[in-house]
Amino acid sequence: MTAHEIDYRIYGEEMQYVEIELDPQEGVIAESGSFMMMDDGIKMETIFGDGSKKDEGFFGKILGAGKRILTGESLFMTAFYNALDGKRNVSFASPYPGKIISIDLTEFKGKFICQKDAFLCAAKGVSIGVEFSKKLGRGLFGGEGFIMQKLEGDGMAFVHAGGTTAKKELKAGETLRVDTGCIIGFTQDVNYDIEFVGGIKNTVFGGEGLFFAKLQGPGTVYIQSLPFSRLAGRVLSSVSRGGKSKGEGSILGGLGDLLDGDNKF
């Protein structure tokens, strides 16, 4: 498997985008809806699966599309090629505030495992597949279910995460406990399991869920401070069942909002 060799640059702080520089005939694949802008001369093509060599032939393409259904993604991906002479640029943006992380698969023995919605784009030739959990407990309570995404190949891939990110290098036998939703991804040598929080007070009143993710080295782990599910839950909790703000229907009504400012959370 030989992926296209691409150059890139990441712009921005909290709402980032990655600009991919393509030489003639080089290509990049991306999730549908992540496209931002491109130079003249870039050809766009909608494809089944990830377009890697693993998907050659009719049945290979069907299998590639089926893998994407299992990870909750669209049946299709989009490929962008430089069809002219000279270098051309194409850019892809994060879907929500956070960071874009570049993953050089050659540094991780050709494989990186990430949460189902983390993948943003990758060099043409990188395979985006599924990673099944072999442990029942992890599948039922691990936050990501039985299925995670795996990125395989020898090229560059890019994943996105919410909030601020942390990179942890775990030594052999070293353990890190993480909120299940805060995992971005990890290398293939990391042992991933779940662990019960323990304690009646922690379980009933802790508000942190019943389980931790337990990651044991050796390997590299990427963590995000603000999973999208947490952000979405915060937004939904600020809306009352009737669709009105917290101050509406009170004695002070709008006046209460003036006194309280914008502190509605």
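All values derive from a computational prediction rather than experimental measurement.

Caption draft 1: Up close: the sheet that holds strand E15 (residues 175-179). Strand order in the open sheet made by the three strands is E15-E18-E17, with antiparallel pairing throughout. Only two strands of the sheet have a single neighbouring strand rather than two, namely E15 and strand E17 (191-196). Put simply, the sheet's adjacent strands are angled 30 degrees from each other on average, direction ignored. As defined by bridge partners, E15 adjoins strand E18 (residues 211-216) across five bridges and the pair is classed as antiparallel. Counted as the bridge partner of Leu-176 is Leu-215 from E18.

Caption draft 2: Region of the structure containing the pairing of strand E8 (residues 98-104). Counting buried residues in E8 gives five out of seven residues, a clear majority hidden from the surface. As judged from the seven bridges shared by E8 and strand E13 (residues 156-162), these two strands associate in the antiparallel manner. Bridging from a neighbouring strand, Lys-99 pairs with Ala-161 of E13.

Caption draft 3: Quick peek at the pattern of salt bridges. Following the criterion strictly, the structure yields eight salt bridges and no others. A salt bridge links Glu-21 to Lys-87; the shortest N-O distance between them is 3.8 Å. Linking Glu-21 in strand E2 (residues 17-22) with Lys-87 in the loop between strand E6 (76-82) and strand E7 (88-93), this pair joins segments that are 66 residues apart in sequence. For Glu-195, the salt bridge is made with Arg-177, and the minimal N-O distance between the two is 2.5 Å. Separated by 18 residues along the polypeptide, Glu-195 in strand E17 and Arg-177 in strand E15 bring together distant segments of the chain. Glu-195 sits in the partly exposed class, given a relative accessible area of 24%. Taking relative accessible area as the criterion, Arg-177 reaches 45% and is therefore assigned partly exposed.

Caption draft 4: Structural detail: unusual backbone geometry. Cis geometry is found at the peptide bond from Gly-217 to Pro-218, where omega equals 20 degrees. Inspection of the secondary structure assignment puts Pro-218 in the loop between E18 and strand E19 (219-224). Phi is positive for Gln-25, close to 75 degrees, though the residue is something other than glycine.

Caption draft 5: Layout of the confidence of the model for the protein. Overall, the prediction assigns the protein a mean pLDDT of 79, with 69% of residues at 70 or greater. The model gives residues 246-252 a pLDDT under 50, and that stretch makes seven contacts with residues more than four places away or in other chains.

Basis of the calculations
Residues numbered from 1 in each chain as written. Predicted model: local features only at pLDDT ≥ 70, side-chain atom pairs only at ≥ 80, totals over all residues. Heavy atoms only, no water. Pairing = 2+ DSSP bridges. Helix = DSSP H or I, 4+ residues; strand = E, 2+ residues; numbered from the N terminus. Axes fitted to C-alpha atoms, helices over the stretch in contact; angles between N-to-C directions. Buried < 20%, exposed > 50% of the residue type's maximum accessible area, 1.4 Å probe, protein only. Salt bridge = Lys/Arg side-chain N within 4 Å of Asp/Glu carboxyl O. pLDDT = per-residue confidence, 0-100. Contact = heavy atoms within 4.5 Å.

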